[in-house]
Amino acid sequence: MSNQIWKFHNDVDTDQIIASQYLLLPDVEEMKQYTFESLDPDFAKNVHEGDIIVAGENFGCGSSREQAPSVLKALGVKAVIARSFARIFYRNSINIGFPVIVCKDLYDAVKDGDMADLDLSAGTVTAAGKTFTCTKLPEYMQNILSQGGLIASLNKEG
Amino acid sequence: MGNTIIEKIIKKNTGLSEVKPGQIVTVHVDRVMIHDIFIPFVADKFEEMGFDRLWDPDKVVLIYDHLVPASAVEDIRHFKIGDAFVKKYGLTHVHRSDGICHQLMTEAGYAGPGDIVFGTDSHTTTYGCVGCFSSGIGYTEMASILGTGEMWVKVPETIKVVINGTLPANVSAKDVILRLIGDLRADGATYKALEITGSAVDAMSVASRMTISNMAVEAGAKCCLFRPDEKTCQYTGTDLSEVDWIYGDEDAQYCQLIEYQAEDLVPVCACPSQVDNIHPVSDLVGTKLDQVFIGSCTNGRLEDLAEAARILDGRQTACKLIITPASRKIYLEAIEAGYMEILARAGAIITQPGCGLCCGRAGGILTDGETVLATNNRNFLGRMGTSKVGIYLGSPATAAISAIYGEIREPL
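Keep in mind it's a predicted model, so treat the numbers as computed, not measured. (Residues numbered from 1 in each chain as written. Chains lettered and ligands numbered in written order. Predicted model: local features only at pLDDT ≥ 70, side-chain atom pairs only at ≥ 80, totals over all residues. Heavy atoms only, no water.)

(A) Here's a closer look at the overall build of chain B. Each helix and strand in chain B was counted, giving 15 helices and 18 strands. In summary, chain B has a C-alpha radius of gyration of 20 Å against a globular reference of 22 Å for 412 residues, a match within 12%. If you line up chain B on its principal axes, its C-alpha atoms span 55 × 55 × 40 Å. Taken over 412 residues, chain B has a buried fraction of 61%. The contacts in chain B between residues at least 6 apart in sequence include a share of 76% that link residues at least 24 apart. When the accessible area of chain B is evaluated, it comes to approximately 14300 Å², of which 48% is carbon and sulfur surface. Here chain B contributes 36 positive and 52 negative side-chain charges, whose respective centroids are spaced 4 Å apart. (Helix = DSSP H or I, 4+ residues; strand = E, 2+ residues; numbered from the N terminus. Rg over C-alpha atoms; globule rule 2.2 N^0.38 Å. Buried < 20%, exposed > 50% of the residue type's maximum accessible area, 1.4 Å probe, protein only. Contact = heavy atoms within 4.5 Å. Areas by Shrake-Rupley, 256 points an atom, 1.4 Å probe, with all protein chains shown as cover. Lys, Arg positive; Asp, Glu negative; His and termini not counted. Charge placed at Lys NZ, Arg CZ, Asp CG, Glu CD.)

Right under this line is the structure:
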């Protein structure tokens, strides 16, 4: 199934994903309407379930706020596919069961609004008439992700 | 083959005879820090995971700093949830108004040389200043440590940074770390450890090293380690013989070597709105300022306030100047040393220790079209008010001299 691509630049920071002043809202459901507010105030209104974010280097740099991947997941974003991710954002995403995928070549091949078909289990994404292979997660992290995140993973082990 | 500092700390912690970069290991956590913004989320996840007790209440530190004192009614909810968590699970290390978490963690002795510490804040890298492996994590991961005392980490590669020589009088640790971030770029150290060494670093106070390790995360670093020395031992109350194993071996494997000659460094600023957008202050002279901010966990220590007081002694500010000491202890020391009187007479607004302005919650937020020069660690869009505020980051000396003129000036 094809999904719409939302394309962002390099070094998208956590404050741009969800600004500090909204972290005091009681839950992610209330926060999610402010996602990417400083970059695209209508993003939360226009994004659809299953859409994919494509970004350049260092996506999610900055603060440790887990609300950053959480609001994207809550909006129904299927995955972020970037050239690289900042460390804490990457860990947080895996821990909440939100797919973050490293793909070096996709970024230059697609534009905002293109359609893409992401096959999570095969680790491939098809867009602009080509299929791109994504970098595989280490097995340890793949297990956490496939079980739906750290809570599910801990409950299973426990 | 020898080891880097981070490899040695992980080896000692896990009991493994050898570790290699890329290897995933489970470490036993020596201490964790949770702050007021994230405590409600940590508490929720902790119970959702089915835990009913902390793995070790003595190893958990809760610090209220981002929201202290409350500036909106919803802030109070965080204190109430935090207080209930303290009561229910028997926490004893709780600070409700003593200062900023990253200052308190080493100042109060919670993080020491060779320890492994995690905190729910990206600037947790700060404790590397005393040779502690410390890094920021999210609240789900924190909840999992609270229940298990364990955390998986990938052994990072290490970038070695050598700074030899003597820094010019107008160049401080802040200029050093800004220059390094500018050279590495915002993702240049992602997933990696930094190890900072050289004669210029040996000459630095622990407070100055703290400025550097605090900002290492702005280049993406997982941690930023300094070899403990006599100064570290004096600050942490440790004996040198307990920490003399914490250094990078001559034959350790580093993924990158960066060298600076201290005499070549100049005062710099990070320009709006990326921390790696570094320019010499001399190129920015004359940039009009609405406000100057000296403080935060990056530069709110006694030596920073001393430098500001030295420059502002007998002078008057030409724009708003906000001073925020990093902790109550520093606040008191600065009063006793006479710095606070000098700063107040110069026209400064002195606030309580806390995160206030740096995290855009309170204490001097700005609006569209305004420009601020600040000594804290981030100049992201919207960080200190609206998304159209121009934020320059610089040293306390650059900030103080600029406050006198209401425009950016190079310190002498």
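Here the narrative resumes, following the displayed structure.
(B) Inspection of the packing of aromatic side chains at higher detail. Evaluated as defined, the whole model comprises 19 aromatic pairs over all chains. Ring centres 5.2 Å apart and planes at 55° place the aromatic pair Y140 of chain A and W152 of chain B in the tilted group. One end of the pair, Y140 of chain A, is in helix α7 (residues 139-146); the other, W152 of chain B, is in strand β7 (residues 150-154), on a second chain. Exposure remark for Y140 of chain A: the relative accessible area of 38% places this residue in the partly exposed category. (Phe/Tyr/Trp six-rings, centres within 6.5 Å; stacked < 30°, edge-to-face > 60°.)

(C) The arrangement of the domain arrangement of chain B in detail. Residues and elements named next belong to chain B. Once the domains are mapped, chain B shows domain 1 (5-262) and domain 2 (268-405). Here the C-alpha centroids of domain 1 and domain 2 sit 24 Å apart. Opposite the 36 residues of domain 1 that make contact, domain 2 presents 33 residues. Taken together, the links from domain 1 to domain 2 amount to four salt bridges. Residues D276 and R185 are paired through a salt bridge, measuring 3.5 Å at the closest nitrogen-oxygen approach. Inspection of the domain 1/domain 2 interface yields 24 residue pairs in polar contact (both at pLDDT 80 or more). (Domains from an automatic or database assignment. Salt bridge = Lys/Arg side-chain N within 4 Å of Asp/Glu carboxyl O. Polar contact = N/O pair within 3.5 Å; in protein donor to acceptor, adjacent residues only side chain to side chain.)

(D) Spotlight on the interface of chain A and chain B. Counting from both sides, the interface comprises 41 residues of chain A and, opposite them, 41 residues of chain B. Between chain A and chain B lies a buried interface of about 3300 Å² when both sides are counted; carbon and sulfur atoms form 58% of it. For chain A, the biggest contributors to the area lost against chain B are L24, R87 and R91 of chain A; these three give 24% of the whole. With a closest N to O distance of 2.8 Å, E141 of chain B and R91 of chain A form a salt bridge. Those elements that place two or more of their residues in the side of chain A that touches chain B are α1 (14-17), α2 (28-31), α4 (67-74), α5 (87-95), α7 and α8 (150-157) of chain A. (Buried area = accessible area lost by both parts, 1.4 Å probe.)

(E) Here's a closer look at the sheet that holds strand β2 (residues 52-55) of chain A. Residue and element names in this part refer to chain A. One open sheet holds the seven strands; their spatial order is β4-β3-β2-β1-β5-β6-β7, and the pairing between them is mixed. The open sheet has two edge strands with one neighbour each: β4 (100-102) and β7 (130-133). The mean inter-strand angle of the sheet, taken between neighbouring strand axes irrespective of direction, is 30°. Where strand β1 (residues 3-7) lies against β2, three bridges are found, and the strand directions are parallel. Each residue of the ladder has a partner; that of I5, found in β2, is I52. (Pairing = 2+ DSSP bridges. Axes fitted to C-alpha atoms, helices over the stretch in contact; angles between N-to-C directions.)

(F) Highlighting the nonpolar core. Residues I53, F59 and L72 of chain A together with F118 and L146 of chain B are the most contacted members of the largest nonpolar core, which totals 89 residues. Look past the residues within four positions of F59 of chain A in its chain and what remains in contact with it is V12, I17, F36, I53, L72, V80, A82, S84, F85, A86 and F89 of chain A. A200, A216, C224 and L265 of chain B belong to the second largest nonpolar core, which has 45 residues in total. (Core = buried A, V, L, I, M, F, W, Y, C linked by side-chain atoms within 4.5 Å.)

(G) Representation of the sheet that holds strand β2 (residues 31-35) of chain B in the model. Residues and elements named next belong to chain B. Spatially, the five strands line up as an open sheet ordered β4-β3-β2-β5-β6, and their pairing is parallel. Strand pairing shows two members of the sheet lacking a second neighbour, β4 (93-95) and β6 (133-136), which therefore form its edges. Mean inter-strand twist for the sheet, computed between neighbouring axes without regard to direction, equals 15°. As defined by bridge partners, strand β3 (residues 60-63) adjoins β4 across three bridges and the pair is classed as parallel. Paired with V61 across the bridge in β4 is H93.

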